[in-house]
Amino acid sequence: MKKLMMIAAMMLMSTGAFAQEMFIKPMVGGTLTSLTGDNDSDAKMKVGLVAGAEFGYLFNEKMGVTAGVLYAMQGCKSKALDENYKLDYLNVPILFNYYIIPGLAVKAGVQPGFLMRAKLKDVDIKDHFKKMDLAIPLGASYEISDFVIDARYNLGALFNINDHGDAKLHNSVFMLTVGYKIPL
């Protein structure tokens with residue numbers, strides 16, 4: 001009886017081990033960004049690039065987590081100045097993924113972002129912005145073989161990123177990327 005219980009326990013543990021999966025996913029894509037808050041009337045959307053990688057762990061076929069590092073071009077186009085506010089961030093998304101059906105996941109989490117560069121025309125304006133932002137990324141992804149198409153909206157309403165004056169500014173980022181899952 002003990003042997004039978006031991007064999008059953010080993011089979012259950014091995015089944016659980018096969019359900020777990022770790023991967024790394026290099027990804028690249030585009031952003032459509034703006035600054036919201038007290039300057040809504042002046043800000044227009046700006047196009048940028050995003051690139052980086054995410055590490056993922058699937059607990060089972062329905063749930064998993066990802067954590068990554070993404071370099072993203074953010075900011076907005078000023079209607080009044082007819083110039084782009086170029087804000088580049090190093091973002092660290094940490095997301096919970098829930099698979100509705102195989103290959104289709106909805107995701108939500110938190111994303112600290114670290115300001116790397118801030119320019120208006122060719123003038124450095126990094127001192128006008130806080131060095132850190134915190135966003136709530138919400139999105140969905142679809143896997144085709146090992147390719148992953150990911151669409152997210154990063155709601156940056158948690159922190160005021162303006163460090164110069166009383167105006168409140170928040171990042172607003174739509175992101176579309178393509179990645180490739182590499183099993184580990």
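About the cut-offs
Residues numbered from 1 in each chain as written. Predicted model: local features only at pLDDT ≥ 70, side-chain atom pairs only at ≥ 80, totals over all residues. Heavy atoms only, no water. Helix = DSSP H or I, 4+ residues; strand = E, 2+ residues; numbered from the N terminus. Buried < 20%, exposed > 50% of the residue type's maximum accessible area, 1.4 Å probe, protein only. Contact = heavy atoms within 4.5 Å. Areas by Shrake-Rupley, 256 points an atom, 1.4 Å probe, with all protein chains shown as cover. Core = buried A, V, L, I, M, F, W, Y, C linked by side-chain atoms within 4.5 Å. Salt bridge = Lys/Arg side-chain N within 4 Å of Asp/Glu carboxyl O. Pairing = 2+ DSSP bridges. Phe/Tyr/Trp six-rings, centres within 6.5 Å; stacked < 30°, edge-to-face > 60°. pLDDT = per-residue confidence, 0-100.

Looking now at the overall build of the protein. When you go through the protein residue by residue, the secondary structure sums to one helix and 12 strands. Split into buried and exposed, the 184 residues of the protein put 36% on the buried side. Considering only contacts within the protein whose residues lie at least 6 apart along the sequence, 59% involve residues at least 24 apart. Surface summary for the protein: the accessible area is close to 10,400 Å², and the carbon and sulfur share equals 69%.

If you look at the biggest cluster of nonpolar residues, it comprises 12 residues: Leu-35, Ala-43, Cys-76, Leu-87, Tyr-89, Leu-115, Ala-118, Leu-120, Ile-125, Phe-129, Ile-161 and Leu-169. Sorting the residues of this core by element identifies strand S5 (83–91) and strand S7 (104–120) as the ones contributing at least two each. Of all the elements, S7 adds the most residues to this core, at three residues. Core analysis: the second largest hydrophobic core is formed by five residues, Met-27, Leu-70, Ala-72 and Met-175 among them.

Before going further, it helps to examine the pattern of salt bridges. Scanning the entire structure with this criterion turns up eight salt bridges. Close ionic contact of Asp-82 with Lys-77 constitutes a salt bridge, the shortest N to O distance being 3.6 Å. Of the residues examined, Asp-82 reaches a relative accessible area of 52% and is grouped as exposed. Between Glu-143 and Lys-181 there is a salt bridge, with its nearest N and O atoms 3.3 Å apart.

All right, on to the pairing of S5 then. For strand S4 (residues 63–78) and S5, the ladder comprises nine bridges, and the chain directions are antiparallel. Looking across to S5, one finds that Leu-70 is bridged to Asn-91. Where S4 folds back on S5, the antiparallel hairpin that results is connected by four residues, among which Asp-82 adopts a positive phi of roughly 55 degrees.

Right, let's get into the packing of aromatic side chains. Following the criterion strictly, the structure yields three aromatic pairs and no others. An angle of 65 degrees between the planes, with centres 4.9 Å apart, marks the rings of Phe-147 and Tyr-180 as edge-to-face. Taken together, the residues Phe-147 in strand S10 (residues 147–156) and Tyr-180 in strand S11 (residues 169–180) connect sequence positions 33 residues apart. Considering the side-chain rings of Tyr-153 and Phe-174, the 4.7 Å spacing of their centres and the 45 degrees angle between planes classify their relative orientation as tilted. Remark: Phe-174 occurs in strand S11 and Tyr-153 occurs in strand S10; sequence separation between them is 21 residues. Using a relative accessible area of 25% as the deciding quantity, one classes Tyr-153 as partly exposed.

Positive phi outside glycine occurs at Asp-82, with the angle close to 55 degrees. Here Lys-121, not a glycine, exhibits a phi torsion of approximately 60 degrees, which is positive.

Looking now at the confidence of the model for the protein. Confidence in the prediction of the protein, expressed as mean pLDDT, is 89, and 88% of residues score 70 or more. Across residues 11–19, confidence stays below pLDDT 50; counting only partners more than four residues off in sequence or on other chains, it has three contacts.

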